[in-house]
Amino acid sequence: MKKDILSYSLEELVTETEQLGEKSFRAKQIYEWLHTKKVHSFDQMSNISSALRTKLDEYYCINSIKIVRKLESTIDNTVKYLYGLSDGNHIESVLMEYKHGNSLCISTQVGCKMGCRFCASTIAGYKRDLLPSEMLLQVYMAEEDSGRHIDSIVLMGIGEPLDNFDNVVKFLQIISFETGKNLSLRHVSLSTCGLVPKIYELAEYRFGLTLSVSLHACNDKKRSEIMPVNDRYHIDELMKACRDYINKTGRRISFEYAVIKGVNDTRSDADGLIRLLKGMNCHLNLIPVNEIKERDYKADRAALRTFADALEKGGLNVTVRRTLGADIDAACGQLRREYEF
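Residues numbered from 1 in each chain as written. Predicted model: local features only at pLDDT ≥ 70, side-chain atom pairs only at ≥ 80, totals over all residues. Heavy atoms only, no water.

Caption draft 1: Structural detail: the packing of helix H5 (residues 132-146) against helix H6 (residues 165-175). For the pair H5 and H6, interaxial distance at closest approach is 8 Å and the crossing angle is 45°. Considered as vectors, H5 and H6 are oriented oblique to each other. When the axes of H5 and H6 are compared, the crossing they make is right-handed. Contacts between H5 and H6 involve Pro-132, Met-135, Leu-136, Val-139 and Tyr-140 from the first element and Asn-167, Val-168, Lys-170, Phe-171, Ile-174 and Ile-175 from the second. Residue composition of the contact of H5 with H6, by class: nine nonpolar, one polar and one charged. (Axes fitted to C-alpha atoms, helices over the stretch in contact; angles between N-to-C directions. Helix = DSSP H or I, 4+ residues; strand = E, 2+ residues; numbered from the N terminus. Parallel < 35°, antiparallel > 145°, perpendicular 65-115°, else oblique. Left-handed = near helix turned anticlockwise from the far one by under 90°. Contact = heavy atoms within 4.5 Å. Nonpolar A, V, L, I, M, F, W, Y, C, P; charged D, E, K, R; others polar.)

Dropping the structure here:
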């Protein structure tokens with residue numbers, strides 16, 4: 001089986017080219033062709049000898065994904081992509097336009113095994129982890145197709161990024177490398193449902209990215225009903241890991257909170273969140289829950305505003321997320337599920 005050359009760091013590529021009997025500077029040339037010029041075949045690498053191109057083609061492949069379906073919002077220029085992978089699986093990305101630039105929400109797994117009750121991604125089931133190349137290609141393909149420059153990336157699509165830890169770390173290292181996309185990781189947000197051991201591990205890298213923690217409840221009983229991961233890692237364990245992350249990285253944490261009518265939007269819930277988060281270097285991002293046919297969870301904009309007001313009066317830094325791509329069901333997981341099932 002050919003090796004996935006697009007998933008190699010430059011350091012790894014140096015080792016590979018030396019094993020082929022080539023000088024190490026060839027690795028940088030190849031890397032630039034892959035991640036700056038974004039070629040699709042070795043034949044396009046014009047400053048490399050035909051003999052080396054033949055060797056590369058013999059032992060390596062340049063991974064690819066294809067756009068299977070694209071939905072474009074007529075409201076706010078949001079674009080939702082359904083990508084087909086080389087093994088027949090499908091993933092999604094969402095390109096969103098903000099005043100500060102274009103942001104791409106990418107997937108990190110084919111499906112998800114975390115089982116969060118409000119999420120469409122988990123309903124379709126988990127298939128496998130994505131390779132670094134398959135995460136990179138979501139960015140490269142979106143830029144190529146849309147003609148827009150991707151200014152920031154959100155790892156909040158299909159999958160749990162910290163459940164695919166090694167591949168996600170490799171993706172972050174490649175996407176931020178100076179010879180390539182060269183994206184500052186301060187423009188990257190990584191969302192997790194709360195895999196506590198991996199939060200500690202991520203903190204050690206000191207990437208400078210924003211950690212977004214899916215909270216969705218202020219106590220263990222309610223959170224376990226919404227998010228099964230809470231049975232493994234209770235809220236007090238999660239908060240301890242978050243404080244460690246803040247202390248080690250100096251970065252503020254963003255807590256994500258899908259507001260569900262009659263479930264987690266009461267005055268008691270607001271008071272519980274204030275007690276839990278007050279004094280922490282964090283931001284609370286309130287999200288109207290995405291309504292999906294398999295669940296009876298509903299959003300209530302008026303109740304959400306009342307909820308937000310109570311939290312702000314309690315001293316929390318709160319934002320109500322603006323809904324983008326409402327006319328194309330831009331929340332991740334829905335397009336894949338409809339296409340495959």
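So that's the structure; there's more coming.
Caption draft 2: Main features of helix H7 (residues 196-205). What H7 keeps buried is the set Val-196, Ile-199, Leu-202 and Ala-203. The buried residues of H7 occupy an angular sector of 110° when projected down its axis, which confines them to one face. Lining the buried residues of H7 we find H6, strand E10 (188-192), strand E11 (210-214) and helix H9 (235-249). Directly after H7, the chain includes Arg-206, whose backbone phi takes a positive value near 50°. (Buried < 20%, exposed > 50% of the residue type's maximum accessible area, 1.4 Å probe, protein only. Arc of directions from axis to C-beta.)

Caption draft 3: Structural view of the pairing of strand E12 (residues 253-259). Judged by how many residues are buried, E12 sits mostly within the fold: seven of seven residues are covered. Side-chain alternation along E12 places Ile-253, Phe-255, Tyr-257 and Val-259 on one buried face and Ser-254, Glu-256 and Ala-258 on a second face that is also buried. You can see the chain leave E12, run along helix H10 (residues 267-277) and come back into strand E13 (residues 282-288), and the turn it takes is right-handed. (Right-handed = clockwise from strand over helix to strand, strands pointing away.)

Caption draft 4: Region of the structure containing empty space enclosed by the protein. Under the counting rule described, the total for this entry stands at one cavity of 30 Å³ or more. Counted as a void, the largest cavity has a volume near 100 Å³. Lining the largest cavity, in full, are Leu-6, Leu-34, Lys-38, Val-39, His-40, Ile-62, Asn-63, Leu-137, Tyr-140, Met-141 and Glu-144. For the lining of the largest cavity, the leading source of residues is H5, giving four residues. Its residues assigned to classes, the lining of the largest cavity shows seven nonpolar, two polar and two charged. (1 Å grid on protein atoms, 1.4 Å probe; cavity = no way out; pocket = protein on both sides within 12 Å on 5 of 7 lines; lining within 4 Å. Points joined across faces, edges and corners; volume = space filled by probe spheres on them.)

Caption draft 5: Layout of the packing of aromatic side chains. All told, the structure shown has six aromatic pairs when counted by the stated rule. Plain terms: the ring middles of Phe-165 and Tyr-205 are 6.1 Å apart, the flat faces sit at 50° to each other, and that makes the pair tilted. Of this pair, Phe-165 sits in helix H6 while Tyr-205 sits in helix H7; the two residues are 40 residues apart in sequence, bridging distant segments of the chain. In this structure Phe-165 comes out as buried when scored by relative accessible area, which is 5%. Ring pairs connect the aromatic residues Phe-165, Tyr-205 and Phe-207, which therefore count as one cluster. The aromatic ring of Phe-165 is capped on one face by Lys-198, whose charged end is 4.9 Å from the ring centroid. (Phe/Tyr/Trp six-rings, centres within 6.5 Å; stacked < 30°, edge-to-face > 60°. Lys NZ or Arg CZ within 6 Å of the ring centre and 35° of its normal.)

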